[in-house]
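Residue-level structural notes
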Amino acid sequence: MITSRKRTLGAVTPDDFERLAQLRKMQGIALGLLLFMAVVFVVSFALQQHFPWLGYVRAAAEGGMVGALADWFAVTAIFRHPLGLPIPHTNLISNKKDEIGDGLGSFIEQNFLADEVVHEKLSEISGARMAGDWLAQPANAERAADMVANAGLGALTVLNDSDVQDLFEALVRKHVVDPPWGPLTGRALESFVQGEHHEALLDIAASRLEEWLVNHPEAFDRMVSSRLPSWLPSIAQRFVDDRMHAEAVKFVQAVRDDHSHPFRIAVSEFLCDLARDLGEKPELQAQLESFKHEVFDSPRIRAVAESTWANARAALVTMLEEPQSELRTRLRAALQDFGQRLRRDSTLQYKIDVWVMQVVEHLVRNYRHDLARVVSDTVRRWDAREAAEKIELQVGKDLQFIRINGTVVGSLAGLLIFAFATLVITPLVS
């Protein structure tokens with residue numbers, strides 16, 4: 001390819017410069033073959049009067065030069081104006097860059113992103129099984145855990161604490177605080193009582209109270225004595241204290257051991273009435289709502305929430321940064337276990353493959369035009385000359401074979417035409 005100055009054709013990477021070197025080499029071969037044909041033509045043309053057989057050589061060299069020049073023109077015209085002359089229908093890539101981009105985008109959309117093509121390709125592979133085989137390897141599970149940890153660290157680094165707190169507060173207020181609690185609490189309490197879950201709480205409370213009374217009789221005695229008349233003799237006070245303490249212990253033991261104790265029945269009835277009133281009485285519901293907002297709007301609660309998030313964030317960052325932390329270790333083990341299960345469980349593989357197929361097909365179906373437009377828009381943003389140079393860098397080496405083949409084929413054609421004219425046509429007309 002004839003050029004008047006040294007050009008890099010947009011080479012920017014080591015691979016690009018390697019391609020450029022190969023292109024220059026092939027251009028040199030093609031040009032050298034053209035020059036060789038020119039020298040042969042000059043010599044044979046000058047000596048053919050003395051050596052008639054050189055006429056065949058001249059014809060072959062002449063055809064080779066014509067073929068070489070024609071194919072040089074054709075190849076050059078694709079990427080630029082030959083010799084810089086603005087000949088019509090040359091510099092095709094620069095002039096047709098936008099149309100090429102649109103055609104390439106349309107070709108990709110219709111041939112690579114068609115529904116049947118995507119479905120057939122996804123049906124041929126089991127991505128779930130491949131993922132399972134990959135994750136089952138300890139080194140790959142560790143690599144995946146590192147990627148998850150780095151992603152988590154990145155998210156924690158990018159996220160603003162105040163933004164997270166505002167988002168968390170908005171979600172809690174929308175889904176927890178704003179909805180009325182009365183009916184929901186009533187239903188929950190009713191279900192709790194019907195399941196007799198309160199009995200276990202009463203057992204625990206009675207046992208703990210009995211233990212406290214037995215281990216701290218003097219504290220109980222002081223509570224009782226403080227409420228007795230001061231004029232009562234001390235011996236009478238001790239008698240009352242001991243008696244009251246013994247009765248209290250017996251009462252607590254009875255509540256603990258007897259599930260049909262009147263106190264237990266009274267507690268159950270109280271809870272049932274409370275559950276009903278929470279669902280039916282507006283005044284009780286209003287009291288609960290007032291208490292709820294008072295608690296959640298308290299500055300102390302907000303300070304506790306902020307402190308909790310700060311501590312949780314710091315702990316997460318520490319565990320994610322440390323490769324041997326318990327969190328990273330458990331994450332690696334969980335990923336490896338999941339990979340082993342995924343590799344063994346064909347049903348799970350099928351479910352995941354079907355889910356992935358549906359997601360991909362949905363995305364392709366709805367966004368394939370946008371994906372194809374990315375190609376066409378990218379080509380449109382290219383500089384026309386730069387686009388031509390980049391394409392020439394990729395395919396120019398192979399196109400030089402057209403020039404070489406044109407030289408060889410032109411030589412053979414010139415030789416055959418001259419031989420036919422000399423050996424067939426000349427005897428017929430003489």
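Everything discussed here concerns the structure shown above.
First, a word on what this report is: a plain description of the structure on this page. (Residues numbered from 1 in each chain as written. Predicted model: local features only at pLDDT ≥ 70, side-chain atom pairs only at ≥ 80, totals over all residues. Heavy atoms only, no water.)

The subject of this paragraph is the overall build of the chain. For the chain, the count of helices and strands is 18 helices and zero strands. Taking the principal axes of its C-alpha atoms as reference, the chain extends roughly 165 × 45 × 40 Å. The 430 residues of the chain split such that 30% are buried. For the chain, the proportion of contacts with a sequence separation of at least 24, taken over those separated by at least 6, is 70%. Only carbon and sulfur atoms are counted for the fraction: they give 64% of the accessible area of the chain, which is about 27800 Å². (Helix = DSSP H or I, 4+ residues; strand = E, 2+ residues; numbered from the N terminus. Buried < 20%, exposed > 50% of the residue type's maximum accessible area, 1.4 Å probe, protein only. Contact = heavy atoms within 4.5 Å. Areas by Shrake-Rupley, 256 points an atom, 1.4 Å probe, with all protein chains shown as cover.)

Here we come to the environment of Lys281. Along the chain, the position of Lys281 falls in the loop between helix 13 (262–280) and helix 14 (282–296). Along the primary structure Lys281 and Arg330 are separated by 49 residues, whereas in three dimensions their C-alpha atoms are 50 Å apart.

Turning our eyes to something else, we now look at the packing of aromatic side chains. Inspection of every chain in the model, using the stated rule, returns five aromatic pairs. Aromatic pair Tyr56 and Phe418: ring centres 5.1 Å apart, planes at 90°, arrangement edge-to-face. Of the two residues, Tyr56 sits in helix 2 (residues 54–79) while Phe418 sits in helix 18 (residues 384–429), which places them 362 residues apart along the sequence. For Tyr56, a relative accessible area of 26% puts it in the partly exposed group. Owing to a relative accessible area of 24%, Phe418 belongs among the partly exposed residues under this scheme. (Phe/Tyr/Trp six-rings, centres within 6.5 Å; stacked < 30°, edge-to-face > 60°.)

A cluster of nonpolar side chains, namely Trp355, Val356, Val359, Leu363, Tyr367 and Leu371, defines an oily patch on the protein surface of about 560 Å² accessible area. Within the secondary structure, Leu363 sits in helix 17 (residues 346–381). With relative accessibility at 43%, the residue Leu363 sits in the partly exposed group. (Patch = residues over 30% accessible without salt bridge, like charges linked within 9 Å, V, L, I, M, F, W, Y side chains within 5 Å. Salt bridge = Lys/Arg side-chain N within 4 Å of Asp/Glu carboxyl O.)

Moving on: unusual backbone geometry. Residues other than glycine seldom take positive phi values, yet His89 does so here, at roughly 60°. Tracing the chain through its elements places His89 in the loop between helix 2 and helix 3 (92–95). Assessed through its relative accessible area of 72%, His89 is described here as exposed. In this model, Glu196 sits at a positive phi of 60°, which is unusual for a non-glycine residue. On the secondary structure map, Glu196 appears in the loop between helix 9 (182–194) and helix 10 (197–215). Given the relative accessible area of 54%, Glu196 is considered exposed.

One pass over the structure, following the stated rule, counts 20 salt bridges. Notably, a salt bridge pairs Arg380 with Asp98, separated by 3.6 Å at the nearest N-O pair. Of this pair, Arg380 sits in helix 17 while Asp98 is found in helix 4 (residues 97–111), placing the two residues 282 residues apart along the sequence. Taking relative accessible area as the criterion, Asp98 reaches 28% and is therefore assigned partly exposed. Glu326 is the partner of Arg330 in a salt bridge, and the nearest nitrogen-oxygen pair spans 2.9 Å. Taken together, the residues Arg330 and Glu326, both in helix 16 (residues 326–344) and four residues apart, mark about one turn of the helix. By relative accessible area, which is 57% here, Arg330 ends up exposed. Here the salt bridges do not stand alone but share partners, grouping Asp273, Arg276, Asp277 and Lys281 into one network.

Coordinates in, geometry out; function isn't part of it.
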